[in-house]
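Below are the chains, spelled out letter by letter.
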Amino acid sequence: MEDYEVTVATGKRTNATTTNNVFIKLVGTDGESERKWLINKLGAAAFFRGLESTFTVPCPTSIGKLVLIEIDKKPLPLLPEDSWFPNKVQVTSPEGDTYHFPIYRWIDDNQVIRFREGTALRVFEDTHHLGKYNRAKELKQREEEYRWKVYAEGMPHCMKVDDPSSLPYEVRFSYTKATEFRLTAAAGILELRLKGLDDSEENWCSLDPLDDIFAFKRNDISDYVQQHWKDDDFFGYQMLNGVNPMMIRRCSVLPDNFPVTNEMVVIRGGGTLEEEMQKGNMFLLDYKCFDGVKANVINGKQQYLMAPLVLLHRTPDDKLMPIAIQLKQKPADDNPIFLPTDSEYDWLIAKIFVRSADFNEHQLNVHLLRTHLLAEVFAVSLLRNLPMVHPLHKLLVPHTRYTIQINFLARRLLISETGVFTQFAASGGEGMLTSLKTALSSVTYSSLCIPEDIAERGMESLPNFYYRDDGLKLWDIIHRFVQGVLGHYYKTDAEVKQDTELQKWIQDIFEHGFLSQQSTGIPQSFSSVADLVKFVTMVIFTSSCQHAAVNSGQYDYGGWMPNTPISLQRAPPTTKGTSSESTMLETLPNVSTTVQGMSTLWLLSKQSTDFVPLGEYPEEHFSEEVPCNLITDFQAQLKILSATINVRNKSLDIPYTYLDPLLVENSVAI
């Protein structure tokens, strides 16, 4: 008789315990064990939360190299069936070999479930008949569970699901995450109702009452924003290091529809527009994506969403200052170019319209489309096309955590017919889908890769651009990690071409994420290891770093509403010299729209206590020495970068923390 030592680790999640009887069968290349009841001296306590329990499974003879295990459970007589969350199973053979079986999923019925041995295998090297059969069966089941749905024409496709409770357990929120999300949302709504603000259609008579609404939610940055939101240098700073650092680009030639002249502007340090453009000191913001978009109607009142152009100048003391603003795309007598030398409220209101346009561009394109919706495409395609034993599944699955459920909730709570953004954002209503379709048509592969995006926008050398500085370092660290892991499994370009599962993954992404638009530059297949490494680096960066950069600071910069208005309810001035403080207050969103926007930004910025930072892998999907060592090196590099960022931030008036690896979540989870 040959004895196999089986160690089962139950997870530490809330309610992970089972008191059911657990059974296992070991399947090897030369045979299999009988279905064995796992029982030891701990009895029913063997599978309590956080415990590791060891059992003996006897076999008449050696069953060879282990290929998979079969697990099922049954409730004790008269007791109900429960759910169980095992982390992993480790089996030591009579020959002294150790086999690892990652599980990390809920088991809640009495069906037999098969789990492969943890050594990563590409499809063409998975040659054992049992392995091939199980691989095909797993993918068939995944194709049924993870089905595509067209949410709206012209938008990336999403997963077909009716309710979070119908999602597969492996992609649902944890109990902790689900509970905290509900409580945070409920607390914000309750507070608004208690203060009688959620349905108030009154305008603000002054900005003083704003200070009291969410006073207990203030932080150092939101306080700084409140004090400096009118300052020109802070306006420029936000375009680099606020929540939308993606719009600004170097301006070498003024657009034909933006007729700024030397006589209009005052350039600090002297010089002309042409000279400063040649020196690389002029920068442009162009919100042409909103040209012609129909703005929302809120509570029966027409809202206003402009498509402004903004010219900014890098001063001799390295500040980025706005020097000209045109609020509509077509020059006209009733579309003046506003200047810092205009009256206080002419210039301030012009900046407010830009900040509102930036808010809407950020939420729909930069945040929703380019991180949330694309991350879901990457996740669904991964879960449909790559089995758990595939090395790319093991590498990427931590970066899909909670993404599918958070996106379902975003579609239901934010952009549905009754969603907050649909009802209260200037780009909501009819304009939202138009804006999203326009945004998707502008997405390119290079714009999703930060080194190429920074270069294409001409932003390589501008000082004090911390999103760029930290983002490029993170991209480099992630790229080296991905290169190491994938280079371990794919030694030649021919092996990449040979991996049919890999090719199906990228084809699915091209079709369902980018709607088969060749103009995006998204690959339709992989022909080399380098192609694969670059694309996977982009997927990880988008799902973690890019999302953190454009999500984490939403309340910091949007909590003080005048800095980032969700909508504006008065048309912009068509002549100069007619604006006052009263005009500004009439332009800002009313009380209800303001507090709905503020509470939503608070919810979207609230980090869960089960947050997992970039590079941390609580679930051990890899078992081989090389990828495990690479993970350790990856984590060390991220810690060094975090320390470097912290040292720099000590000397800054506004610390830039959004790309500190310790604060970057591993996935799009909020």
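Use the structure listed above.
What you see is a predicted model; the values in this text were computed from it and never measured. (Residues numbered from 1 in each chain as written. Predicted model: local features only at pLDDT ≥ 70, side-chain atom pairs only at ≥ 80, totals over all residues. Heavy atoms only, no water.)

Visitor: How would you summarise the overall build of the protein if you had to cite specific residues and measurements?
Guide: A count of helical and extended segments in the protein gives 20 helices and 18 strands. Relative to the globule expectation of 26 Å for 670 residues, the C-alpha radius of gyration of the protein, 28 Å, shows essentially globular dimensions. Dimensions along the principal axes, computed over C-alpha positions, put the protein at roughly 95 × 55 × 45 Å. The buried share among the 670 residues of the protein stands at 58%. The long-range fraction of contacts in the protein, counting pairs at least 24 apart against all pairs at least 6 apart in sequence, stands at 75%. Of the roughly 27,000 Å² of accessible surface on the protein, a fraction of 51% belongs to carbon and sulfur atoms. Counting 65 positive and 86 negative side-chain charges, the protein places the averaged centre of each group 3 Å from the other. (Helix = DSSP H or I, 4+ residues; strand = E, 2+ residues; numbered from the N terminus. Rg over C-alpha atoms; globule rule 2.2 N^0.38 Å. Buried < 20%, exposed > 50% of the residue type's maximum accessible area, 1.4 Å probe, protein only. Contact = heavy atoms within 4.5 Å. Areas by Shrake-Rupley, 256 points an atom, 1.4 Å probe, with all protein chains shown as cover. Lys, Arg positive; Asp, Glu negative; His and termini not counted. Charge placed at Lys NZ, Arg CZ, Asp CG, Glu CD.)

Visitor: Would you mind going over unusual backbone geometry in detail, with residue names and values included?
Guide: The phi torsion at Tyr104 lies on the positive side, around 50°, for a residue other than glycine. Non-glycine residue Asn299 carries a positive phi angle of around 50°. Along the polypeptide, Asn299 turns up in the loop between β14 (297-298) and β15 (301-302).

Visitor: I'd like a rundown of the pattern of salt bridges, residues and numbers included.
Guide: What the rule picks out here adds up to 35 salt bridges. We note a salt bridge from Glu70 to Arg114, for which the minimum N-O separation is 3.1 Å. With Glu70 in strand β6 (residues 66-74) and Arg114 in strand β9 (residues 113-116), this pair connects stretches of sequence that are 44 residues apart. Residues Arg135 and Asp126 are paired through a salt bridge, measuring 2.8 Å at the closest nitrogen-oxygen approach. Within this structure, Arg116, Asp126, Arg135 and Glu501 form a network of salt bridges that share partners. (Salt bridge = Lys/Arg side-chain N within 4 Å of Asp/Glu carboxyl O.)

Visitor: Residues and numbers for the nonpolar core, please.
Guide: Judged by nonpolar contacts, the single largest core of 164 residues is most densely connected at Trp505, Phe535, Val536 and Met584. Counting residues per element, this core draws most heavily on helix α7 (residues 344-385), at 23 residues. Aside from chain neighbours lying at most four places away, what touches Phe535 is Phe378, Tyr445, Trp505, Ile506, Ile509, Ile522, Pro523 and Phe526. Of all hydrophobic cores here, the second largest spans 25 residues; its members include Tyr4, Phe47, Val89 and Phe115. (Core = buried A, V, L, I, M, F, W, Y, C linked by side-chain atoms within 4.5 Å.)

Visitor: Go over the packing of α7 against helix α16 (residues 529-551) with me, naming the residues and quoting the values.
Guide: Here α7 crosses α16 at 140°, and the two axes come no closer than 10 Å. Overall, the two elements α7 and α16 adopt an arrangement that is oblique. Where α7 crosses over α16, the handedness of that crossing is left-handed. Listed contacts from α16 to His362, Val366, His367, Arg370, Thr371, His372, Ala375 and Phe378 of α7 are Phe535, Met538, Val539, Thr542, Ser543, Gln546, His547, Val550 and Asn551. (Axes fitted to C-alpha atoms, helices over the stretch in contact; angles between N-to-C directions. Parallel < 35°, antiparallel > 145°, perpendicular 65-115°, else oblique. Left-handed = near helix turned anticlockwise from the far one by under 90°.)

Visitor: Lay out the sheet that holds strand β16 (residues 309-314) in plain terms, naming residues and giving numbers.
Guide: Two strands in a sheet stick together by hydrogen bonds in their backbones, pointing the same way (parallel) or opposite ways (antiparallel). The 5 strands lie next to each other as β12-β13-β16-β17-β18, forming an open sheet whose pairing is antiparallel. Looking at which strands have only one partner, the edges of the open sheet turn out to be β12 (249-250) and β18 (337-338). Where β16 meets strand β17 (residues 320-326), 6 bridges bridge the pair, whose relative direction is antiparallel. By the bridge assignment, Arg314 is partnered in β17 with Leu320. (Pairing = 2+ DSSP bridges.)

So, to be careful, I would describe these as geometric facts and stop short of saying anything about function.
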